[in-house]
Amino acid sequence: MTVLVYEDFGTGRHREASLIRHALGNAHPEELVAGLAGGIGFMYFVFEYAGRNPIATIVAQSHPEPWVQVALGRLGVPYDATRAMKPRWGRVRAALDEGQPAFCVVDRSSLPWHEADADAEMTGADPYTVVIAGYDGDDLLIEDGADTPHRIDREEFGAAWTAHRKGRHQLIVPTGPPEGEPDVDGAIAATVTHLTGPVLGNQFDVNFGFTGMEKFAAQLRDRTTRTGWERRFGSSPEAFREGTARLYACLEEEWTAPGATRPLYADFLELVGRAEPAELFRESAGHWSALAALALAADPEAGAEERRALFDACAEHVDRSLELEGQAVEALRK
């Protein structure tokens with residue numbers, strides 16, 4: 001017997017917002033779900049590992065709070081969140097039999113449809129949420145961005161569920177309809193905090209929000225030190241190719257909606273009556289996408305002068321986005 005708790009699959013502009021929206025029966029527009037989850041943010045790190053080129057990472061959406069719990073909480077949707085030593089298959093099946101989807105945090109690289117992903121060995125470090133939307137015998141039906149659910153054997157999925165240590169066997173099940181009105185003010189206040197800081201309350205806060213943008217721009221312009229893009233990503237065609245590819249992916253595809261999530265967040269602000277900051281974030285989005293387009297078009301064989309010009313042009317776009325988003329935050333605070 002096949003049990004499927006909903007039939008609308010696929011990703012709109014943002015994967016996690018779409019997961020939540022479908023799980024709640026499309027009762028809320030994508031932009032509202034995304035905005036209530038925190039919408040935008042900014043995190044910038046460059047990770048270095050022995051034997052490989054540096055890995056630039058930007059997270060342009062709200063981070064690090066989990067989207068599912070935050071969105072459900074601000075929507076007023078009650079939910080049951082549990083952790084266990086091993087997969088609770090009985091709880092999963094009971095939820096699905098009652099028409100309730102099950103959110104799980106997994107190791108993305110352990111899912112067979114992600115095996116060919118670039119840098120697959122790196123993806124397990126990040127929490128990756130999918131939804132168990134149904135079952136068919138011992139097979140599970142998983143929503144993860146495709147237009148139809150992925151079919152996977154329960155034991156194989158269990159291995160992916162176990163592999164992500166920080167989210168091991170976490171299970172989140174919505175348990176009822178919304179209670180009260182969506183917490184729009186709380187969501188906007190959280191976004192302002194994520195941009196202005198502190199976010200973590202430790203030494204890594206310099207990598208988040210506006211200070212993270214300033215650091216990113218400074219390292220793009222840095223011609224001499226080991227942390228500058230000149231030395232990290234201008235040392236070889238391969239390093240340059242990987243660095244620019246990461247810029248495009250992080251601003252348009254991964255852990256974001258297109259345009260560094262800013263257009264989606266602008267739509268949320270318009271929906272809740274905040275037209276002035278919405279327009280400012282929409283203008284900022286144009287600069288993030290322009291930066292991504294420069295990175296996408298970059299020639300891996302470019303000479304030193306061309307690379308330098310590209311890094312400087314990217315830094316100018318970051319500066320302009322930072323200026324616009326500072327104005328938008330001031331408008332939100334009003």
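One can find the structure itself at the top, above this paragraph.
Participant: Summarise the environment of Ala187; cite the residues concerned and give the values.
Facilitator: Locating Ala187 in the fold gives a position in helix H7 (residues 184-196). The buried category is assigned to Ala187, whose relative accessible area is 0%. Leave out the neighbours within four places in its chain, and Ala187 touches Gly35, Leu36 and Arg74.

Participant: Please provide a residue-by-residue account of the packing of aromatic side chains, values included.
Facilitator: Using the criterion set out here, one finds 16 aromatic pairs in the structure. Where Tyr44 meets Phe216, the ring centres are 4.8 Å apart and the plane angle is 40 degrees; that geometry is what we call tilted. With Tyr44 in strand E2 (residues 40-47) and Phe216 in helix H8 (residues 209-221), this pair connects stretches of sequence that are 172 residues apart. Take Tyr44 and Phe216: they sit in the same class, and that class is buried. Judged by centre distance (6.1 Å) and plane angle (55 degrees), the rings of Phe45 and Phe204 are tilted. Taken as a pair, Phe45 in strand E2 and Phe204 in the loop between H7 and H8 lie far apart in primary sequence, 159 residues in all. By the ring-pair criterion, three or more aromatic residues cluster together here, those being Phe42, Tyr44, Phe216, Trp229, Phe233, Phe240, Trp288 and Phe311. Above the plane of the ring of Tyr128 lies Arg15, whose end atom (NZ or CZ) is 3.9 Å from the centre.

Participant: Outline the pairing of strand E9 (residues 171-174), supporting the account with residue identities and numerical values.
Facilitator: Across the two faces of E9 the burial is the same, with Leu171 and Val173 and Ile172 and Pro174 all buried. For strand E4 (residues 79-82) and E9, the ladder comprises four bridges, and the chain directions are antiparallel. Its bridge partner lying in E9, Tyr79 is registered against Pro174. Strand direction decides the pairing type here: strand E5 (residues 102-106) and E9, joined by two bridges, are antiparallel. Following the sheet pairing, Phe103 is matched in E9 by Ile172.

Participant: Explain the packing of helix H1 (residues 15-23) against helix H3 (residues 67-75) to me, and be specific about the residues and the numbers.
Facilitator: As a packed pair, H1 and H3 sit with axes 10 Å apart at the nearest point and diverge in direction by 50 degrees. One element, H1, and the other, H3, form an angle in the oblique class. H1 and H3 meet at a crossing whose hand is right-handed. Contacts from Glu16, Ala17 and Ile20 of H1 reach H3 at Trp67, Val68, Ala71 and Leu72.

Participant: Quick one: what's the story with unusual backbone geometry, residue by residue and with numbers?
Facilitator: Here the bond from His63 into Pro64 is cis, since omega is 10 degrees, no more than 30 degrees from zero. For Pro64, the position within the fold is in the loop between strand E3 (55-61) and H3. In this model, Gly197 is joined to Pro198 through a cis peptide bond whose omega is -5 degrees. Inspection of the secondary structure puts Pro198 in the loop between H7 and H8. For Ala260, which is not a glycine, the phi torsion comes out positive at approximately 60 degrees. According to the relative accessible area criterion, Ala260 is buried, its value standing at 1%. Even without being glycine, Thr261 reaches a positive phi, approximately 70 degrees. For Thr261, the position within the fold is in the loop between helix H10 (237-252) and helix H11 (262-271). Judged by its relative accessible area of 1%, Thr261 is buried.

Participant: Outline the nonpolar core, listing residues and values.
Facilitator: In terms of nonpolar packing, the biggest core is built from 71 residues, with Phe216, Trp229 and Trp288 touching the most fellow members. Broken down by element, this core gets its largest block of residues, ten residues, from helix H13 (residues 304-333). Apart from the residues within four sequence positions on either side, Phe216 is in contact with Phe42, Tyr44, Ile58, Trp229, Leu247, Trp288, Leu291 and Val318. Membership of the second largest hydrophobic core comes to 21 residues, among which are Val3, Trp89, Leu111 and Ile132.

Participant: Talk me through the environment of Phe204; I want residue IDs and the actual numbers.
Facilitator: Its relative accessible area of 39% is what places Phe204 among the partly exposed residues. The spacing of Phe204 and Gly76 is 128 residues in sequence and 32 Å in space, taken between C-alpha atoms.

Participant: I'd like a rundown of the pattern of salt bridges, residues and numbers included.
Facilitator: When their charged atoms lie close together, side chains carrying opposite charge are able to pair. For the coordinates displayed, the defined rule picks out 21 salt bridges. For Glu230, the salt bridge is made with Arg308, and the minimal N-O distance between the two is 2.4 Å. Taken together, the residues Glu230 in helix H9 (residues 229-233) and Arg308 in helix H13 connect sequence positions 78 residues apart. Across the pair Glu325 and Arg262 runs a salt bridge whose closest N-O atoms are separated by 2.9 Å. With a gap of 63 residues between them, Glu325 in helix H13 and Arg262 in helix H11 connect regions that are remote in the sequence. You'll find Glu325 and Arg262 in the same group, each marked buried. If you follow the salt bridges from partner to partner, you end up with Arg13, Asp267, Glu270 and Arg282 in one network.

Calculation notes
- Residues numbered from 1 in each chain as written.
- Predicted model: local features only at pLDDT ≥ 70, side-chain atom pairs only at ≥ 80, totals over all residues.
- Heavy atoms only, no water.
- Helix = DSSP H or I, 4+ residues; strand = E, 2+ residues; numbered from the N terminus.
- Buried < 20%, exposed > 50% of the residue type's maximum accessible area, 1.4 Å probe, protein only.
- Contact = heavy atoms within 4.5 Å.
- Phe/Tyr/Trp six-rings, centres within 6.5 Å; stacked < 30°, edge-to-face > 60°.
- Lys NZ or Arg CZ within 6 Å of the ring centre and 35° of its normal.
- Pairing = 2+ DSSP bridges.
- Axes fitted to C-alpha atoms, helices over the stretch in contact; angles between N-to-C directions.
- Parallel < 35°, antiparallel > 145°, perpendicular 65-115°, else oblique.
- Left-handed = near helix turned anticlockwise from the far one by under 90°.
- Core = buried A, V, L, I, M, F, W, Y, C linked by side-chain atoms within 4.5 Å.
- Salt bridge = Lys/Arg side-chain N within 4 Å of Asp/Glu carboxyl O.

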